[in-house]
Amino acid sequence: MVHDVEKEDASSYKKARLKDRLKHRFPQLIFHQPRRQNTSEIVLVEDLSSGDIAESHVQMKNDLDLYNSTEKFQDSCDNKFPDPEQDEQRIQFNFFYDTALELRHLVQDGPEFDSVWPPLSVEINFSSVEKMIPPRLYNFFAWMLGMSDDPQISSYVTLSRKNKAKVLAIIQDCIFVGSGGRKQTPKSLALTMTTRQITGSQALTEILSGFGYCASHSVALSYEPALALLNLKNDFSIPSGIREGVHTTLVWDNIDFGEETRSGKDTTHIANGIIIQPEMNTAIPSVEEKDLIQRLLLLENERRHASKRHAVKSSMFVPFKIWANK
């Protein structure tokens, strides 16, 4: 370059001398030595602003990252489809991937359990579950499991009650797991409470919850007190069907579930009461029957008094003793 510009031989020039001549000839040049010793010195022009340099650096970095990501994606595609002629596999892969994203949208963005906490038992039914599951999601699982071939779009395909319960249960598991346990379903709550009532085992509840089948044990502990507090808010606590003016028997007892908890604490203690009344279809005795009953009672009383009058008193007999000769 020196020979081309200055028409002189620069073969004997050292780097330091060349650098000094460049600084003297071109004072706008700036030489920057990076911190790393094994990198080249950077030469830039003084009239460049720091913003231009930073923007250029960021743009170069973005271009490099985009190039690297494109290369990685291309390599991954080449690994999945090593044979370029297997276009059918590539098409199937794209179809399955798009279908999975659509199903994820239906699972995660669907409506929640339409109930105010705590849900009542009358709200845990097929109708409540169907409000959470769109027909496309339900029909997909029915088709995938081989339970139907009916190409319905806007409505549920027709299944037997047994198969319908299975499909709804699987989809509820997907909704519960897809939300990280934050979106409760009728199945997750019902199975938790059923397991707790039948077995009383905290360990079993946590195992089922770990597999995504039901809610956690802590949810069950918060669910039962919420139901009890809701019942206390009712002004009229007498169950329906109890009649006035009828002989009534009340029975109360303490029930301890004795659940199997890890610490032995946090068990359930409940005071339960039952109300007993005669059935409404119990026959009412007629006037003649009442008179007959009264006469029978009088005869029974007279018989008891007569037996008492003829009873032998123990004082009428002198005890017989045998005295042994000493």
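So, here's what we can say about the structure. Please read all numbers here as calculations on a predicted model, not as lab measurements.

## Quick notes on unusual backbone geometry
Phi is mostly negative for residues that are not glycine, and the peptide bonds are mostly trans.
Step number 1: Here the residue pair tryptophan 117 and proline 118 is connected by a cis peptide bond, since its omega of 0° sits within 30 degrees of zero.
Step number 2: Looking at the secondary structure, you find proline 118 in the loop between helix H4 (87-108) and helix H5 (126-132).

## With respect to the nonpolar core
Step number 1: Formed by 21 residues in total, the largest nonpolar core has its most connected members in Ile133, Leu137, Tyr138, Leu159, Val167, Ile171 and Ile175.
Step number 2: Mapped onto this core, the elements with two or more residues apiece are H4, H5, helix H6 (135-144) and helix H7 (161-178).
Step number 3: Once residues lying within four places of it in the same chain are set aside, the contact partners of isoleucine 171 are Ile133, Leu137, Tyr138 and Phe141.

## Brief notes about the packing of H6 against H7
Step number 1: Two elements in contact, H6 and H7, have axes separated by 10 Å at closest approach and are oriented at 115°. H7 is crossed by H6, and the crossing has right-handed handedness. Listed contacts from H7 to Leu137, Tyr138 and Phe141 of H6 are Lys164, Val167, Leu168, Ile170, Ile171 and Cys174.
Step number 2: The class makeup of the residues in the contact of H6 with H7 is eight nonpolar, no polar and one charged.

## Here we look at the packing of helix H8 (residues 186-198) against helix H10 (residues 217-232)
Step number 1: At a minimum axis separation of 10 Å, H8 and H10 run at an interaxial angle of 85°. Here H8 lies roughly perpendicular to H10, going by the angle between them. In contact with Leu189, Thr192, Met193, Arg196 and Gln197 of H8, H10 contributes His217, Val219, Ala220, Leu221, Tyr223 and Glu224.
Step number 2: In terms of residue class, the contact of H8 with H10 is made up of six nonpolar, three polar and two charged.

## Quick look at a nonpolar patch on the surface
Step number 1: Among the surface-exposed residues, Ile238, Ile242, Leu250, Trp252 and Ile275 lie close enough to one another that they form a single nonpolar patch of about 510 Å² accessible area.
Step number 2: The residue leucine 250 is located in strand S3 (residues 249-256) in this model.
Step number 3: Classification of leucine 250 by relative accessible area gives exposed; the value is 55%.

Definitions and limits used
- Residues numbered from 1 in each chain as written.
- Predicted model: local features only at pLDDT ≥ 70, side-chain atom pairs only at ≥ 80, totals over all residues.
- Heavy atoms only, no water.
- Helix = DSSP H or I, 4+ residues; strand = E, 2+ residues; numbered from the N terminus.
- Core = buried A, V, L, I, M, F, W, Y, C linked by side-chain atoms within 4.5 Å.
- Buried < 20%, exposed > 50% of the residue type's maximum accessible area, 1.4 Å probe, protein only.
- Contact = heavy atoms within 4.5 Å.
- Axes fitted to C-alpha atoms, helices over the stretch in contact; angles between N-to-C directions.
- Left-handed = near helix turned anticlockwise from the far one by under 90°.
- Nonpolar A, V, L, I, M, F, W, Y, C, P; charged D, E, K, R; others polar.
- Parallel < 35°, antiparallel > 145°, perpendicular 65-115°, else oblique.
- Patch = residues over 30% accessible without salt bridge, like charges linked within 9 Å, V, L, I, M, F, W, Y side chains within 5 Å.
- Areas by Shrake-Rupley, 256 points an atom, 1.4 Å probe, with all protein chains shown as cover.
- Salt bridge = Lys/Arg side-chain N within 4 Å of Asp/Glu carboxyl O.

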